[in-house]
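# Secondary and tertiary structure notes
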Amino acid sequence: MEEIPTNQKSTSILDMYYEERIDSFVDLKTYLSEVEAHCIKKMIERNSGNISKAASQLGLHRSILYRKLNGYEKRK
């Protein structure tokens, strides 16, 4: 397994955003859940609300994407 250098600074905007906020996440599951929700919302926006196209581009079946979206609504 390749070792990840820890002395390198991240330069992407997404890396910088999460580096600033990493301490506010409770655990990895919470962190990954927020990243997933963000990616899903952005993909739906890019496809003008077309869930089928967004699901396809995310590599998910449409029913799985709807299930994830329903889960986000229940958590609010």
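Okay, so let's go over this structure. Being a predicted model, the structure only gives us computed values, none of them experimental. (Residues numbered from 1 in each chain as written. Predicted model: local features only at pLDDT ≥ 70, side-chain atom pairs only at ≥ 80, totals over all residues. Heavy atoms only, no water.)

Before going further, it helps to examine the side chain of N47. The topology assignment puts N47 in the loop between α2 (28-46) and α3 (51-58). A relative accessible area of 11% places N47 in the buried class. Among the polar contacts made by the side chain of N47, one reaches the main-chain carbonyl oxygen of M43 at a distance of 2.9 Å. Within polar-contact distance, the side chain of N47 engages the side chain of Q57 at 3.0 Å. (Helix = DSSP H or I, 4+ residues; strand = E, 2+ residues; numbered from the N terminus. Buried < 20%, exposed > 50% of the residue type's maximum accessible area, 1.4 Å probe, protein only. Polar contact = N/O pair within 3.5 Å; in protein donor to acceptor, adjacent residues only side chain to side chain.)

With that settled, the discussion passes to α2. Across its 19 residues, α2 extends 27 Å between first and last C-alpha, which sits within 8% of the 27 Å expected from 1.5 Å per residue. Tucked inside the fold, the buried residues of α2 contact α1 (13-21), α3 and α4 (62-75). Capping of α2 at its N-terminal end is provided by D27; its side-chain oxygen lies 3.3 Å from the backbone amide nitrogen of K29. S48, located one to two residues past α2, shows a positive phi value of around 50°. (Expected span 1.5 Å × (residues − 1). Contact = heavy atoms within 4.5 Å.)

Running from amino to carboxyl end, α2 crosses α4 at an angle of 120°, the nearest separation of the two axes being 11 Å. When the axes of α2 and α4 are compared, the pair comes out oblique. The two elements α2 and α4 cross, and the hand of that crossing is left-handed. Between α2 and α4, the residues in contact are S33, E36, A37, I40 and I44 and L65, K68, L69, Y72 and R75, respectively. Its residues placed into classes, the contact of α2 with α4 shows six nonpolar, one polar and three charged. (Axes fitted to C-alpha atoms, helices over the stretch in contact; angles between N-to-C directions. Parallel < 35°, antiparallel > 145°, perpendicular 65-115°, else oblique. Left-handed = near helix turned anticlockwise from the far one by under 90°. Nonpolar A, V, L, I, M, F, W, Y, C, P; charged D, E, K, R; others polar.)

Worth remembering: the numbers are spatial, not functional.
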